Amino acid sequence: MSEGDLGSRLRALPSIDRVASRLDGPHPVAVAAATSAVELARAEVNAGGSTTFEQVLEAAREALERGEQKRLQRVLNATGVIVHTNLGRVPLGPAQLDAVGEIAGAYSNLEYDLSKGRRGDRYGHASTPLKLLTGAEAAVVVNNCAAAVLLTLAAVASGREVIVGRGELIEIGGGFRIPDILETSGARLVEVGTTNRTRLADYERAISQETAALLKVHPSNYRMVGFTESVELKALAKLGRARRLPVLFDLGSGLLEDYAKAPWTRGEPTVLGAIAERADIVTFSGDKLLGGPQSGIIAGRADLVAVIARHPLIRALRVDKMVLAALEKTLECYLNNDSSELPLWRMAGAAEAELEARARNLAQALEGQPSLAGCKVEVQETRAVAGGGTLPGTEVASWGVALASETTSAARMHHLLRRARIPVIGRVEDDRLIIDLRTILPEDDALLRSLVTSALT
Ligand SMILES: *Cc1c(COP(=O)(O)O)cnc(C)c1O
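Residues numbered from 1 in each chain as written. Predicted model: local features only at pLDDT ≥ 70, side-chain atom pairs only at ≥ 80, totals over all residues. Heavy atoms only, no water.

**Q** Help me understand the pattern of salt bridges in this model?
**A** Pairs may arise between side chains of opposite charge once their charged atoms sit close together. Summed over the entire model, instances satisfying the criterion amount to 22 salt bridges. Salt bridges sharing common partners tie together Glu 111, Arg 119, Arg 122 and Arg 318. (Salt bridge = Lys/Arg side-chain N within 4 Å of Asp/Glu carboxyl O.)

What follows is the structure in structure tokens.
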């Protein structure tokens with residue numbers, strides 16, 4: 001191809017404006033998609049290839065769709081993973097959302113003391129219900145549990161040593177590693193014991209003038225089996241008291257009560273239990289087994305919580321009013337014995353028979369769709385999990401629907417479901433697409449049915 005020929009072919013490329021004018025959506029978004037498509041076409045022509053206006057337009061539409069998919073949007077969680085970190089951990093319910101709406105849509109006493117008529121304390125808001133529910137003397141709320149651990153260590157142990165059992169030097173998804181958090185806080189890590197066994201004597205031997213605290217971490221996302229030994233919180237707390245060292249317990253999951261409707265939570269330590277076993281500070285998430293908004297709670301001894309709440313870092317880790325509103329409402333539900341109002345416990349506590357009936361209804365509706373011809377629909381007993389770094393290895397009996405097709409792979413069907421108006425996320429097992437109903441609220445059954453039907457048409 002001659003120089004002149006190339007030049008004329010480049011000039012023949014459609015203008016960005018012309019492509020953008022054929023796209024839907026906000027102007028800057030359309031222009032960005034059109035620009036990337038035209039640049040792609042230019043590279044293609046430069047490499048000796050050719051392209052048509054329709055091809056450029058198609059590429060721009062694909063770029064637009066990719067951008068669309070990145071937008072924060074609602075999805076249906078049909079994975080059966082109840083606390084799903086990648087899908088936003090747990091949904092909030094109407095009571096929690098109303099509280100957020102009321103506080104966020106108006107001025108509030110966020111940092112204003114109504115009785116004294118002057119500046120008040122943001123961090124004190126959820127502390128009364130937290131004290132009542134956990135038995136702790138004091139509590140303070142920050143951005144998330146990682147922030148709670150970081151702040152606690154910075155306030156209690158910066159520049160000094162913290163003793164941790166080697167088997168508890170864990171990483172919890174999303175890059176939260178206990179050794180890194182310790183280092184960032186300015187504290188020095190002293191590891192004791194071996195990967196599988198740590199004894200009280202190991203902690204005792206490591207205590208020195210430099211020791212600021214003993215740290216226990218709940219290995220919430222894995223379970224060691226076999227020849228293992230770790231020191232119980234109770235024994236560690238006793239050692240801490242004898243040596244006048246605070247015992248910090250990073251619990252993570254934040255289960256408040258042994259919830260009778262979900263017997264599978266048995267075996268997960270509770271916040272109340274940790275305070276009763278006399279941990280000086282317990283840190284936990286607001287959006288795991290508490291069923292609230294993303295937040296991190298520091299509960300424990302009043303003198304230590306006061307030191308933590310005064311540390312300058314708290315300003316950088318502070319929670320927003322919308323979070324506080326949702327958290328206070330969540331705690332109120334527990335205080336009123338209404339925790340079954342929280343979506344987490346509605347889903348976690350759903351009876352198997354009810355899930356089975358709903359799975360049968362869904363299967364029946366899907367089978368009746370001529371468009372799904374060639375798709376085998378089966379009702380199936382499934383295994384859901386708590387997820388989100390809680391109760392590793394514990395399975396939750398559940399029911400769902402399995403879709404298999406002679407002509408379309410399960411991965412392809414899953415891809416189609418992820419492109420639905422409201423994406424549906426399931427899981428693929430043995431080339432079957434499983435839709436687990438444990439993590440779908442009953443009021444979304446009709447929506448799920450129509451999304452699956454239209455996606456697979
Ligand atoms: C999940 C977890 C964290 C991190 O909690 P975020 O709220 O996600 O920051 C910290 N420690 C433990 C033990 C956890 O399980």
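**Q** How should I be thinking about the environment of Glu 378 in this particular structure?
**A** With respect to the helices, strands and loops of the structure, Glu 378 is situated in strand S13 (residues 375-385). Separated by 19 residues in sequence, Glu 378 and Ala 359 place their C-alpha atoms 9.0 Å apart. Sequence-distant contacts of Glu 378, defined by excluding residues within four places in its chain, comprise Gly 400, Val 401, Ala 402 and Arg 432. Polar side-chain contacts of Glu 378 include one of 3.0 Å to the side chain of Arg 432. (Helix = DSSP H or I, 4+ residues; strand = E, 2+ residues; numbered from the N terminus. Contact = heavy atoms within 4.5 Å. Polar contact = N/O pair within 3.5 Å; in protein donor to acceptor, adjacent residues only side chain to side chain.)

**Q** Explanation requested: the domain arrangement of the chain in the structure shown.
**A** Many authors give the size of an interface as the accessible area that is lost as the parts come together. Splitting the chain by domain gives domain 1 (3-68), domain 2 (76-88 + 346-455) and domain 3 (94-340). A separation of 52 Å is found between the C-alpha centroids of domain 1 and domain 3. (Domains from an automatic or database assignment.)

**Q** Could you clarify how one ought to interpret helix H16 (residues 410-418) in this entry?
**A** Spacing of three or four residues puts side chains on the same side of an α-helix, whose turn is 3.6 residues. Turning to H16, its buried residues are Ala 410, Met 413, His 414 and Leu 417. The buried residues of H16 occupy one face: seen down the axis, they fall within an arc of 100 degrees. (Buried < 20%, exposed > 50% of the residue type's maximum accessible area, 1.4 Å probe, protein only. Arc of directions from axis to C-beta.)

**Q** Sorry, what's going on with helix H3 (residues 27-46) here?
**A** Here H3 is 20 residues long and its end C-alpha atoms lie 28 Å apart, about the 28 Å a rise of 1.5 Å per residue gives. Taken together, the buried positions of H3 are Ala 30, Ala 33, Ala 34, Ala 37, Val 38, Ala 41 and Val 45. In an axial view of H3, the angular spread of the buried residues amounts to 130 degrees, which keeps them on one side of the axis. Turned more than 90 degrees from where H3 packs its buried face, Pro 28, Glu 39 and Leu 40 sit exposed. Positive phi appears at Gly 48, one or two residues downstream of H3, with a value of about 95 degrees. (Expected span 1.5 Å × (residues − 1).)

**Q** Just to check I follow, could you spell out the side chain of Asp 287 for this structure?
**A** Structurally, Asp 287 can be placed in the loop between strand S11 (281-285) and strand S12 (296-300). Here Arg 89 takes part through its side chain, which lies 3.0 Å from a polar atom of the side chain of Asp 287. If sequence neighbours within four positions are ignored, Asp 287 has contacts with Val 83, Arg 89, Val 90, Gly 292, Pro 293 and Gln 294.

**Q** Where do I start with the sheet that holds strand S9 (residues 211-217) in this structure?
**A** Sheets are built from strands paired through backbone hydrogen bonds, the pairs being either parallel or antiparallel. Taken in spatial order, the seven strands of this open sheet run S4-S12-S11-S10-S9-S5-S8, and their pairing is mixed. At either end of the open sheet lies a strand with only one pairing partner, and these are strand S4 (138-142) and strand S8 (188-192). On average, each strand axis in the sheet is inclined to that of its neighbour by 25 degrees, with strand direction left out of account. Note that S9 and strand S10 (residues 247-252) share four bridges and pair parallel. When the sheet's bridge partners are listed, Val 217 is paired in S10 with Asp 250. The sheet strands contacting helix H6 (residues 127-134) are S4, S11 and S12, and the helix crosses S4 at an angle near 125 degrees. (Pairing = 2+ DSSP bridges. Axes fitted to C-alpha atoms, helices over the stretch in contact; angles between N-to-C directions.)

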